[in-house]
Amino acid sequence: MPDVQSQKDLRNVYIDKVGISDIVYPIVVLDRENSYQSTVGKINMYVDLPEDFRGTHMSRFVEVLNNHKGKMTIQNMEKILDDMREHLKSVTAHFEVEFDYFVMRKAPVSKIESYTPYKAKFICEKNDNFDFILEVIVPIQTLCPCSKEISERGAHNQRAKADVSVRMRHIVWIEDLIDVAESSASTPLFTLLKREDEKYVTENAYDNPKFVEDVVRDISLKLEDDDRVVWYNVKVTSYESIHTHNAYACHEKWKDLKK
């Protein structure tokens, strides 16, 4: 059969990324407590396309994915990218996978256990060098310091999310970033709480008011002190309960590794 994708193209337009997006696939990721965790990933796979090729072979992306049997770890991400470059005859390969990640958490007073879901993402690229970013989205709560200061009764509080991304020189676990984000919030969120837990969480948030700026700075300082992290990006969004808008703050930094 004719190889239409490999036909010469005379329009002289180089394409930066071409491939497949939003493929849903069963995957296995590393788990700090249990070694491995099975979940479902939403995956994007792209390569660059030289100006003289008409198209790429889309089926080969899935073939590469099948060859690795859904195993997604920091250790084998580079191998997946190398296989993409080889099979698709490209210089640069890109791989992104977003997935739900579950951690067993204990309620603060009753100690009853339940799974808390988080969103995690691997963002990888390989040409001459390998680049890997771990991103974790952590649901948290913020309580407004200003509202607490000026109100006679209570203070407005709401769900928020901390979106934490890192580049690393040694492994940083998903759970590590979850711990950093939750410990920087007014209070963590839980899936299952008994009445005594609800009392504790409510009062803990009131005793620990945070602006989004406070959360971003506290997370950043913890990452600054982590020698495994070489770059970080922290974004916090608070879904304001008394405003029609959200509150947002962001900080990004390459660390000075000479320190």
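Report follows, based on the coordinates. (Residues numbered from 1 in each chain as written. Predicted model: local features only at pLDDT ≥ 70, side-chain atom pairs only at ≥ 80, totals over all residues. Heavy atoms only, no water.)

Looking only at helices and strands, the protein has six helices and ten strands in total. Over its C-alpha atoms, taken along the principal directions, the protein stretches across nearly 75 × 40 × 35 Å. The buried share of the protein, taken over its 259 residues, is 45%. For the protein, the share of sequence-separated contacts (at least 6 apart) that also reach a separation of at least 24 residues comes to 63%. Carbon and sulfur atoms make up 50% of the accessible area of the protein, which totals about 14400 Å². Taking the average place of the 36 positive charges on the side chains of the protein and the average place of its 44 negative ones, the gap between the two points comes to 1 Å. (Helix = DSSP H or I, 4+ residues; strand = E, 2+ residues; numbered from the N terminus. Buried < 20%, exposed > 50% of the residue type's maximum accessible area, 1.4 Å probe, protein only. Contact = heavy atoms within 4.5 Å. Areas by Shrake-Rupley, 256 points an atom, 1.4 Å probe, with all protein chains shown as cover. Lys, Arg positive; Asp, Glu negative; His and termini not counted. Charge placed at Lys NZ, Arg CZ, Asp CG, Glu CD.)

Glancing now at the nonpolar core. Nonpolar side chains in soluble globular proteins tend to be buried together. In this structure, I43, M72, M84, F95, F122, I219 and L223 are the most contacted members of the largest nonpolar core, which totals 56 residues. When neighbours within four sequence positions are excluded, F95 is seen to be in contact with I43, N44, M45, L65, M72, M77, I80, L81, M84, F122, I123 and C124. (Core = buried A, V, L, I, M, F, W, Y, C linked by side-chain atoms within 4.5 Å.)

Moving on to the layout of surface pockets. Approximately 190 Å³ is the volume found for the largest pocket. Around the largest pocket sit D31, R32, E33, N34, Q37, Y101, F102, V103, M104, R105, Y115 and E175, which together line it. Top element by residues in the lining of the largest pocket is strand 4 (residues 93-106). It accounts for five residues. Grouping the amino acids of the lining of the largest pocket by side-chain chemistry returns five nonpolar, two polar and five charged. (1 Å grid on protein atoms, 1.4 Å probe; cavity = no way out; pocket = protein on both sides within 12 Å on 5 of 7 lines; lining within 4 Å. Points joined across faces, edges and corners; volume = space filled by probe spheres on them. Nonpolar A, V, L, I, M, F, W, Y, C, P; charged D, E, K, R; others polar.)

Right, let's talk about the pattern of salt bridges for a bit. Where charged atoms of side chains with opposite charge meet at close range, the side chains can pair. The full count for this structure, using the stated rule, is 17 salt bridges. A salt bridge links R85 to D82; its shortest N-O distance comes to 3.7 Å. Highlighted residues: R85 and D82, both in helix 2 (residues 74-88), separated by three residues, approximately one helical turn. Its relative accessible area of 27% is what places D82 among the partly exposed residues. In this structure, D131 engages R167 in a salt bridge whose closest nitrogen and oxygen atoms are separated by 2.7 Å. With a gap of 36 residues between them, D131 in strand 6 (residues 130-143) and R167 in strand 7 (residues 157-168) connect regions that are remote in the sequence. (Salt bridge = Lys/Arg side-chain N within 4 Å of Asp/Glu carboxyl O.)

A few words now on the pairing of strand 4. Inspection of the sheet shows strand 2 (residues 35-49) paired to strand 4 by seven bridges, in the antiparallel sense. Directly across from N44, in strand 4, lies its bridge partner E96. As paired strands, strand 4 and strand 5 (residues 113-126) are joined by 14 bridges and run antiparallel to one another. Bridge assignment links R105 to a residue of strand 5, and that residue is S114. Counting the residues between successive antiparallel strands, the hairpin from strand 4 to strand 5 contains six residues, one of them, K111, with a positive phi of roughly 65 degrees. (Pairing = 2+ DSSP bridges.)

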